[in-house]
Amino acid sequence: MFIVLLTYVRPLAEIDALIPAHREFLQRHYDAGHFLLSGRREPRTGGVILASLPSRSQLEQLLHEDPFAQAKAAEYQILEFTPTMTAPELTDLLQS
C-alpha cells in the first residue's frame, strides 16, 4: 500500500486549470481499483492519494499519466507501508 503526497510547484491558477483533467485521471484509477482515497492538503499546497498497487514501479508509471505530472505542476513523494491494524469497517485493506 502507498501514500502519495503531491506538492504543487506551480501557481494555484495553473493547478485550478488542471483540476478537471486530474479528477478524470483519479476516477480512472478508482474504477481500476488502484486508488482508495484522495483529497487536497490543508493548507492547499498539494494533495494525498492512498493507493494499492502490486509494486512501486507500477505506481510511479501510473503517476506519470497524471495531468499535474505532465504539466510539471506537482512533485510526488511516495511512502510505502504495510497496514497491520485497521478499524473494523476497513479490514479489507489489510494485506495478508
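About the cut-offs
- Residues numbered from 1 in each chain as written.
- Predicted model: local features only at pLDDT ≥ 70, side-chain atom pairs only at ≥ 80, totals over all residues.
- Heavy atoms only, no water.
- Salt bridge = Lys/Arg side-chain N within 4 Å of Asp/Glu carboxyl O.
- Helix = DSSP H or I, 4+ residues; strand = E, 2+ residues; numbered from the N terminus.
- Buried < 20%, exposed > 50% of the residue type's maximum accessible area, 1.4 Å probe, protein only.
- Core = buried A, V, L, I, M, F, W, Y, C linked by side-chain atoms within 4.5 Å.
- Contact = heavy atoms within 4.5 Å.
- Phe/Tyr/Trp six-rings, centres within 6.5 Å; stacked < 30°, edge-to-face > 60°.
- Pairing = 2+ DSSP bridges.
- Axes fitted to C-alpha atoms, helices over the stretch in contact; angles between N-to-C directions.

Caption draft 1: Quick peek at the pattern of salt bridges. Evaluation of the coordinates by the stated rule reveals four salt bridges. We note a salt bridge from Arg44 to Asp16, for which the minimum N-O separation is 2.5 Å. With a gap of 28 residues between them, Arg44 in the loop between strand 2 (35-40) and strand 3 (46-51) and Asp16 in helix 1 (residues 12-31) connect regions that are remote in the sequence. In this structure Arg44 comes out as partly exposed when scored by relative accessible area, which is 25%. Taking the shortest distance from any N to any O, the salt bridge between Glu60 and Arg56 comes out at 3.1 Å. Here Glu60 pairs with Arg56, and both are found in helix 2 (residues 56-63), just four residues apart, close to one helical turn.

Caption draft 2: Representation of the nonpolar core within the structure. Formed by 20 residues in total, the largest nonpolar core has its most connected members in Phe35, Leu59 and Phe68. Of all the elements, helix 1 adds the most residues to this core, at five residues. In contact with Phe35, not counting residues within four places along its chain, are Phe25, Leu26, His29, Tyr30, Ile49, Leu50, Ala51, Leu59 and Leu62.

Caption draft 3: Representation of the side chain of His22. For His22, the location among the structural elements is in helix 1. Setting aside chain neighbours within four positions, we find His22 in contact with Leu6, Asp66, Pro67 and Phe68.

Caption draft 4: The packing of aromatic side chains, seen in detail. Counted by the stated rule, this structure contains three aromatic pairs. The interplanar angle of 80 degrees and the centroid separation of 5.7 Å between the aromatic rings of Tyr8 and Phe68 together place this pair among those described as edge-to-face. With Tyr8 in strand 1 (residues 2-8) and Phe68 in helix 3 (residues 67-70), the pair connects residues that are 60 residues apart, well separated along the chain. Residue Tyr8 shares its accessibility class with Phe68, and that shared class is buried. Ring pairing ties together the aromatic residues Phe25, Tyr30 and Phe35, which thus form one cluster.

Caption draft 5: Structural view of the sheet that holds strand 2. Spatial ordering of the open sheet is given by 2-3-1-4, a layout of four strands whose pairing is antiparallel. Taken across any chain shown, the strands that pair with only one partner, and hence form the sheet edges, are strand 2 and strand 4 (74-80). Adjacent strand axes in the sheet meet at a mean angle of 15 degrees, parallel and antiparallel pairs treated alike. Relative to strand 2, helix 1 is tilted by about 165 degrees, and along the sheet it contacts strand 1, strand 2 and strand 3.

Keep in mind that these numbers describe shape and distance, not what the molecule does.
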